[in-house]
Amino acid sequence: MNSIVSMRWVLARMYEPDLFIADCRFSLAEPEAGRKAFQQDHIPGAVYFDLERSLSSPLQDQGHGGRHPLPDIDSLAQLLRKSGVSNETRIVVYDDQGGAMASRLWWLLRYMGHEEVYLMDEGYSAWKASGFPVTAEVPVRIPASFTPHIQQHLLASLEEVREASKQGSSLLIDSREHARYLGVEEPIDHTAGHIPGAINFFWKDNLCSDGTWKSPDALADRFHHLPKDQEIIVYCGSGVTACPNVIALRAAGFDKVKLYAGSWSDWISYRENPVVTTTE
C-alpha cells in the first residue's frame, strides 16, 4: 500500500473535518529549528510534533535503547487525544527533510494501530513555493477519543535482530549512507560499521533527483531482488530515517517489515554485539 500523497491531494482535503495535519519539521543539528519554523508559518490547521519531545523518550540511563528511544505510548496517545485525533481521523504528516522526520510519526501511528496515515510528498518548502495557503496561527483543537491498539509485529526486538544477524532468520536492511554502513566514516555514533549480515539501502534513494518520492513501481524495481516471503528488519542510526524505508518497502509490496527502533546506536551499546567495518 502506498502511503505517499501529493500536495494537491492535501490541498483538496485540508479543510475536511476528519483530516488532521501534523507538522514534523526537525533538525538534528538544531533541535529548536523545526518548532521555530512552525511558529513562523505552517499549513493551516497543522499541529506541531517534535521529534525529541513528542516522538521519542529521554535517553535511558543505562545507555541502551538508542539515541531516540520510542516514546511512551500512553503519553503519545494522550497528546494525540488533546490534539483532536480520534481512531477515525485521517492523518497527513509532513516535514522539510524528504520525509525523514515525518515518517517516524507515520510509523508510530501504524504501530498504535492507526492505518489512515499518509506522508505528504515534497514537504513544506515545496508547498509554500507552490503558493498554497500558509499561516502562523496555531489552531484550537477539540480533544477527541483515541485508543491505541499496539501492533507488536511491526517492532523488532534486540534478540530478533541478533538472531537475524547470526542465523539469517530475517533480512536486515541498514538505511544509512553507504560510507557509514561501510564504517568509512561515523559522524554521530561512537562506533562505526554495520550489523553483520545487513545489506545497505540508503533511505534517500527512495527519492527522485527533484526530491519527490519515487512511484510504487520504481520502488518495487529498487527492491526487486529481495524475497517477499521473508521477514525484513529495517534499521538506521536511531530508528528515525529507517522509517522512510519502511514506507518504501510497503509501497513496493512488502508486508513483512519490522523496525528495529534502537537501531545502530542501540546495537553498539552492547559490547558483546559484533560489528562489520568493511564490505562482506
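Quantities reported herein were computed from a predicted structural model and do not represent experimental measurements.

Draft legend 1. Highlighting the sheet that holds strand β1 (residues 4–5). Strand order in the open sheet formed by five strands is β1-β5-β4-β2-β3, and the pairing between neighbours is parallel. Every interior strand has two partners, whereas the edge strands, β1 and β3 (47–48), have only one. Bridge count between strand β2 (residues 19–23) and β3: two bridges; the pairing is parallel. The residue bridging A22 from the neighbouring strand is V47, located in β3.

Draft legend 2. Focus on the sheet that holds strand β6 (residues 171–174). Judged by pairing direction, the sheet is parallel, and its four strands sit side by side in the order β7-β6-β8-β9 without closing on themselves. In this open sheet, the two edge strands, each paired with only one partner strand, are β7 (199–200) and β9 (257–259). Inspection of the sheet shows strand β8 (residues 232–235) paired to β9 by three bridges, in the parallel sense. Its bridge partner being in β9, I233 is matched across the sheet by K258.

Draft legend 3. Focus on the packing of aromatic side chains. Under the criterion given, the structure shown has nine aromatic pairs. Measuring from centroid to centroid gives 6.2 Å for F20 and F49, while their planes differ by 80 degrees, and the two rings are edge-to-face. Taken together, the positions of F20 in strand β2 and F49 in the loop between β3 and α3 (73–82) put the pair 29 residues apart, joining distant regions of the chain. When its relative accessible area of 1% is taken as the criterion, F20 is described as buried. Site record: aromatic cluster; members linked through ring pairs are F201, F223 and F254. Directly above the aromatic system of Y124 lies the positively charged group of R25, at a separation of 4.1 Å from the ring centroid. Just above the ring of F254 sits the side chain of K228; from NZ or CZ to the centre is 5.3 Å.

Draft legend 4. Spotlight on the pattern of salt bridges. Under the criterion given, the structure shown has 19 salt bridges. Among the salt bridges present, the one from E16 reaches R90, with a minimum N-O distance of 2.4 Å. With E16 in the loop between α1 (7–13) and β2 and R90 in strand β4 (residues 90–94), the pair connects residues that are 74 residues apart, well separated along the chain. Take E16: its relative accessible area is 31%, and that puts it in the partly exposed class. Linked by salt bridges that have partners in common, R67, D174, R176, E177, R180, E186 and D189 make up one network.

Draft legend 5. Quick peek at the nonpolar core. Ranked by size, the top nonpolar core spans 74 residues in total, and within it I43, F49, V93, W107, W127, L226 and L249 carry the most contacts. For this core, the element with the highest residue contribution is helix α4 (residues 102–111), accounting for seven residues. Excluding residues within four positions of it along the chain, V93 makes contact with A22, C24, A102, L105, W106, V117, Y118, L119 and M120.

Draft legend 6. Structural context of the side chain of T135. Structurally, the position occupied by T135 is in the loop between α5 (124–129) and α6 (158–167). T135 gets classed as buried once you look at its relative accessible area, which sits at 19%.

Draft legend 7. Spatial organisation of the pairing of β8. Burial along β8 is two-sided: the residues I232 and V234 and I233 and Y235 are all buried. Alignment of β6 against β8, held across four bridges, turns out to be parallel. Residue pairing across strands places L172 opposite I233, the latter belonging to β8. For the crossover that starts at β8, traverses helix α9 (residues 243–251) and ends in the parallel β9, the hand is right-handed.

Draft legend 8. How the structure looks around the layout of surface pockets. Each pocket or cavity is described by its volume, and for the largest pocket that value is around 370 Å³. Considered class by class, the residues forming the lining of the largest pocket number ten nonpolar, six polar and six charged. What the second largest pocket holds in volume is close to 190 Å³. Residue lining of the second largest pocket: 13 residues in total, with R110, H153, L154, R250 and D255 positioned closest to the centre. Here the lining of the second largest pocket is built from residues that sort into five nonpolar, four polar and four charged.

Analysis parameters
Residues numbered from 1 in each chain as written. Predicted model: local features only at pLDDT ≥ 70, side-chain atom pairs only at ≥ 80, totals over all residues. Heavy atoms only, no water. Pairing = 2+ DSSP bridges. Helix = DSSP H or I, 4+ residues; strand = E, 2+ residues; numbered from the N terminus. Phe/Tyr/Trp six-rings, centres within 6.5 Å; stacked < 30°, edge-to-face > 60°. Buried < 20%, exposed > 50% of the residue type's maximum accessible area, 1.4 Å probe, protein only. Lys NZ or Arg CZ within 6 Å of the ring centre and 35° of its normal. Salt bridge = Lys/Arg side-chain N within 4 Å of Asp/Glu carboxyl O. Core = buried A, V, L, I, M, F, W, Y, C linked by side-chain atoms within 4.5 Å. Contact = heavy atoms within 4.5 Å. Right-handed = clockwise from strand over helix to strand, strands pointing away. 1 Å grid on protein atoms, 1.4 Å probe; cavity = no way out; pocket = protein on both sides within 12 Å on 5 of 7 lines; lining within 4 Å. Points joined across faces, edges and corners; volume = space filled by probe spheres on them. Nonpolar A, V, L, I, M, F, W, Y, C, P; charged D, E, K, R; others polar.

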